[in-house]
Amino acid sequence: MSGPRIAILGGNSAIGVAVARRYADRKARVVLVGRDLAALERDRADLLVRGAAQVELQQADFAALDGLSEVAQAAWSAFGGLDVALVAYGSLPDQAACAASADTAAAALALNFNSPALLVGELANHFEAQRAGVIAAISSVAGDRGRQSNYVYGAAKGGLQRFLEGLRHRLHAAGVAVLDIRPGFVSTPMTAHLPQGGPLWATPEKVAGDVVAAIDRRKAVLYTPWFWRFILLIVTSLPRPIFHKSKL
Ligand SMILES: NC(=O)c1ccc[n+]([C@@H]2O[C@H](COP(=O)([O-])OP(=O)(O)OC[C@H]3O[C@@H](n4cnc5c(N)ncnc54)[C@H](OP(=O)(O)O)[C@@H]3O)[C@@H](O)[C@H]2O)c1
């Protein structure tokens, strides 16, 4: 007997791979979608060794917005429907470069907002017709309040949070859950250039465990690790005069 059918859009992202491994333990059928086929091949071999029933690979550039409908259709068709779709790609743009160049900012906004929002929207039409399943997408705690150090990325992630919120409202009647995943600092290639370590940093494996539990429970919003919920409660509650004195 095969386990659940899951598509990971951003199939070789560190968090996406860690989630895929959890599903391999459940003998899942997995679709990995990404642009680096050689990396996806390595992930496929790893997942099959770990117990995945089947792993399909699909190549896609998520920055190509006009191809997203086909990307969603292909992922949906691999196993004749999906139980879970996880949108797990993105980039961490340099805020100063975005402030200096509208083209750089536009590319960052497109990859971190337009693309995942449009892709999730395409997937939603399939899930809604099926009347079952879970759509999950990784936003970020950075989307909760605009800050001088990363407001282009934060705006994209905040926009994605609102999009998921509206989609969740729409899909409630169809019995489809929509999960907004908000990690804090996670040690992955995306953050490899930052000083790491200390209690605020989590591993992709820790985040993946939280993500799988939240999908199982059909949660709406996940802060991971859990303490970020309280950190963001404080950050979003700070009165503006105090907030503006900070270097966040
Ligand atoms: N790490 C953190 O601290 C953190 C915190 C909050 C939220 N997040 C979010 O978590 C998600 C996963 O990131 P991660 O931390 O796991 O980092 P990661 O391992 O660097 O993953 C990012 C992925 O995005 C893919 N990607 C970027 N542009 C693409 C494009 N145009 N077409 C296809 N794939 C593209 C990359 O593919 P390639 O390998 O081919 O480049 C890579 O697999 C992202 O949405 C990120 O914003 C991360």
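Everything below is about the structure printed above this text.
Before going into details, it helps to say that this report is about the structure given with it. The model shown is predicted, which means the values in this text are computed figures rather than measured ones.

1. Considering the overall build of the chain
Looking only at helices and strands, the chain has 9 helices and 9 strands in total. For the chain, the C-alpha radius of gyration of 18 Å lies close to 18 Å, the compact-globule estimate for 248 residues. In terms of overall dimensions, the chain has a C-alpha envelope of 60 × 35 × 35 Å along the principal axes. Within the chain, the proportion of its 248 residues that are buried is 42%. Intrachain contacts of the chain at a sequence separation of at least 6 include 68% that bridge at least 24 residues.

2. Observations regarding the site of the ligand
Close to the ligand lie 25 residues; Ser 13, Tyr 89, Gly 90, Thr 188 and Met 190 are nearest. When residues of the shell around the ligand are traced back to their parent elements, those giving at least two are α1 (14–25) and β7 (185–186). Of the residues in the shell around the ligand, the class split is 13 nonpolar, 9 polar and 3 charged.

3. Structural notes on the environment of Ala 88
Checked against the element boundaries, Ala 88 lands in the loop between β4 (84–87) and α4 (95–100). Judged by local crowding, Ala 88 falls into the buried class, with 26 C-beta atoms found within 10 Å. Considered as a pair, Ala 88 and Val 33 are 55 residues apart in the sequence and their alpha carbons are 10.0 Å apart. Once residues within four sequence positions are removed from consideration, Ala 88 is found in contact with Ile 8, Leu 9, Gly 10, Ser 13, Ile 15, Gly 16 and Ile 138.

4. Overview of the environment of Ala 124
Relative to the assigned elements, Ala 124 resides in helix α5 (residues 102–130). Taking the C-alpha atoms as reference, Ala 124 lies 18 Å from Asp 216; in sequence the two are 92 residues apart. If sequence neighbours within four positions are ignored, Ala 124 has contacts with Ile 135, Leu 167 and Leu 171.

5. A closer look at the pairing of strand β1 (residues 5–9)
Within β1, 5 of the 5 residues are buried, leaving the element largely enclosed by the surrounding structure. Where burial is concerned, the two faces of β1 agree: the one with Arg 5, Ala 7 and Leu 9 and the one with Ile 6 and Ile 8 are both buried. Here 5 bridges tie β1 to strand β2 (residues 29–34), and the two strands are oriented parallel to one another. In the sheet register, Ile 6 faces β2, and the bridge partner there is Val 30. For the crossover that starts at β1, traverses α1 and ends in the parallel β2, the hand is right-handed. Here β1 pairs with β4 via 4 bridges, running parallel. Its bridge partner being in β4, Leu 9 is matched across the sheet by Val 87.

Cut-offs used in this document
- Residues numbered from 1 in each chain as written.
- Predicted model: local features only at pLDDT ≥ 70, side-chain atom pairs only at ≥ 80, totals over all residues.
- Helix = DSSP H or I, 4+ residues; strand = E, 2+ residues; numbered from the N terminus.
- Rg over C-alpha atoms; globule rule 2.2 N^0.38 Å.
- Buried ≥ 20, exposed ≤ 12 C-beta atoms within 10 Å, placed from the backbone.
- Contact = placed C-beta atoms within 7 Å.
- Near = placed C-beta within 6 Å.
- Nonpolar A, V, L, I, M, F, W, Y, C, P; charged D, E, K, R; others polar.
- Pairing = 2+ DSSP bridges.
- Right-handed = clockwise from strand over helix to strand, strands pointing away.

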